[in-house]
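As a plain string of letters, each chain reads:
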Amino acid sequence: MARVRLSVAERREELLRAAVEQIEARGVAAVRIADVASALGVSNALVLYHFSSKEKLVAAAFAHAAEGDLAHLRRLLGRRSSAVRRLRAAVRWYAPTGQAKGWRLWIEGWAASLRDPELRRVAASLDKEWKTALTRVIAEGAEAGEFRCADPAAAAWRLTAFLDGLAVQTTAYAGSLSRSAMLRWADAALTRELNLPDGEEPPGEPVTPLGNTEPPAPSDA
């Protein structure tokens with residue numbers, strides 16, 4: 001059966017999805033252009049036409065996988081509700097209890113970026129976007145008098161560093177910590193950063209893990 005002719009944008013999207021799947025299955029170091037081509041039944045030359053090297057393909061696939069989660073983060077933080085409620089929803093979703101950011105893919109990317117300048121550039125840019133988005137809402141809430149936070153940027157860095165560290169531990173050592181414990185720790189970290197009274201839980205709709213509200217993320221958390 002003849003393959004459907006795709007536009008350049010559609011073909012690129014197809015290649016990026018296949019690359020993400022192959023990276024998840026094989027790891028960044030082991031994945032090859034040939035693996036992506038074989039998965040789609042196309043030639044190596046076609047993959048290289050869109051991405052001139054494996055390094056560029058991996059970096060683009062990493063960005064593609066993370067952009068969907070960034071878009072969801074922006075939606076959470078852009079809701080018409082208090083800054084505390086939006087931040088708690090974002091932190092619970094970001095925590096390594098659901099599918100936020102496809103943690104396995106991120107950990108692969110961090111490791112590979114030590115030797116791959118292109119991937120390091122992309123990963124650093126995406127990481128900065130996460131921190132900037134959180135910083136903006138923390139500053140907004142502090143200015144509105146919802147809580148006290150003298151340095152929103154530092155708070156965002158500490159929160160993401162804490163959650164990233166949890167993700168590495170729980171992804172590498174599956175089952176080492178329960179989901180409920182991770183959520184309690186994530187809430188406690190936010191409470192400390194915002195100087196909220198212990199145990200304060202802002203009213204509002206319950207937060208559902210991403211896997212139950214959005215299309216599946218690139219990888220399991």
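On a predicted model such as this, the values are computed, not experimentally measured, just so you know.

Trainee: Talk me through the packing of helix H4 (residues 54–77) against helix H6 (residues 103–113); I want residue IDs and the actual numbers.
Mentor: Between H4 and H6, the least distance of the axes is 11 Å, while the angle of their chain directions is 140°. Comparing the axis directions of H4 and H6 gives the class oblique. Both H4 and H6 take part in a crossing whose hand is left-handed. Here Phe 62, Ala 65 and Ala 66 of H4 lie close against H6, whose contacting residues are Leu 105, Trp 106 and Gly 109.

Trainee: Got a sec to walk through unusual backbone geometry? Specific residues and values, please.
Mentor: Phi angles above zero are rare outside glycine, and Asn 195 is one such case at about 55°. Tracing the backbone through its elements, the reader meets Asn 195 in the segment after helix H9 (179–193).

Trainee: Give a detailed account of the nonpolar core, specifying residues and quantitative values.
Mentor: Ranked by internal contacts, the top residues of the largest apolar core, which has 62 residues, are Phe 62, Leu 77, Leu 87, Leu 126, Ile 138 and Phe 147. If you list the elements that add at least two residues to this core, you get helix H1 (8–26), helix H2 (33–40), H4, helix H5 (83–94), H6, helix H7 (117–143), helix H8 (152–172) and H9. With 13 residues, the top contributor of residues to this core is H4. Not counting the four nearest positions on each side in its chain, Phe 147 is found in contact with Ala 83, Val 84, Leu 87, Val 137, Ile 138, Gly 141, Ala 142, Leu 194 and Leu 196.

Trainee: Please provide a residue-by-residue account of the packing of aromatic side chains, values included.
Mentor: Aromatic ring pairs are defined here through the distance separating the ring centres and the angle between the ring planes. Evaluated as defined, the whole model comprises 6 aromatic pairs. Ring centres of Trp 93 and Trp 130 lie 5.8 Å apart, and the angle between their planes is 20°; this geometry places the pair in the stacked category. You can see Trp 93 sitting in helix H5 and its partner Trp 130 sitting in helix H7, a full 37 residues away along the chain. Pair check on accessibility: Trp 93 and Trp 130 agree, each one buried. Between Tyr 94 and Trp 103, the ring centres sit 5.6 Å apart and the planes meet at 75°, which makes this aromatic pair edge-to-face. A residue is classified by how much of its surface remains accessible, and Tyr 94, at 2% relative accessible area, is buried. Put simply, the rings of Phe 62, Trp 93, Tyr 94, Trp 103, Trp 106, Trp 110 and Trp 130 pair up and form one aromatic cluster. Directly above the aromatic system of Trp 157 lies the positively charged group of Lys 131, at a separation of 4.5 Å from the ring centroid.

The rules behind these values
- Residues numbered from 1 in each chain as written.
- Predicted model: local features only at pLDDT ≥ 70, side-chain atom pairs only at ≥ 80, totals over all residues.
- Heavy atoms only, no water.
- Axes fitted to C-alpha atoms, helices over the stretch in contact; angles between N-to-C directions.
- Helix = DSSP H or I, 4+ residues; strand = E, 2+ residues; numbered from the N terminus.
- Parallel < 35°, antiparallel > 145°, perpendicular 65-115°, else oblique.
- Left-handed = near helix turned anticlockwise from the far one by under 90°.
- Contact = heavy atoms within 4.5 Å.
- Core = buried A, V, L, I, M, F, W, Y, C linked by side-chain atoms within 4.5 Å.
- Buried < 20%, exposed > 50% of the residue type's maximum accessible area, 1.4 Å probe, protein only.
- Phe/Tyr/Trp six-rings, centres within 6.5 Å; stacked < 30°, edge-to-face > 60°.
- Lys NZ or Arg CZ within 6 Å of the ring centre and 35° of its normal.

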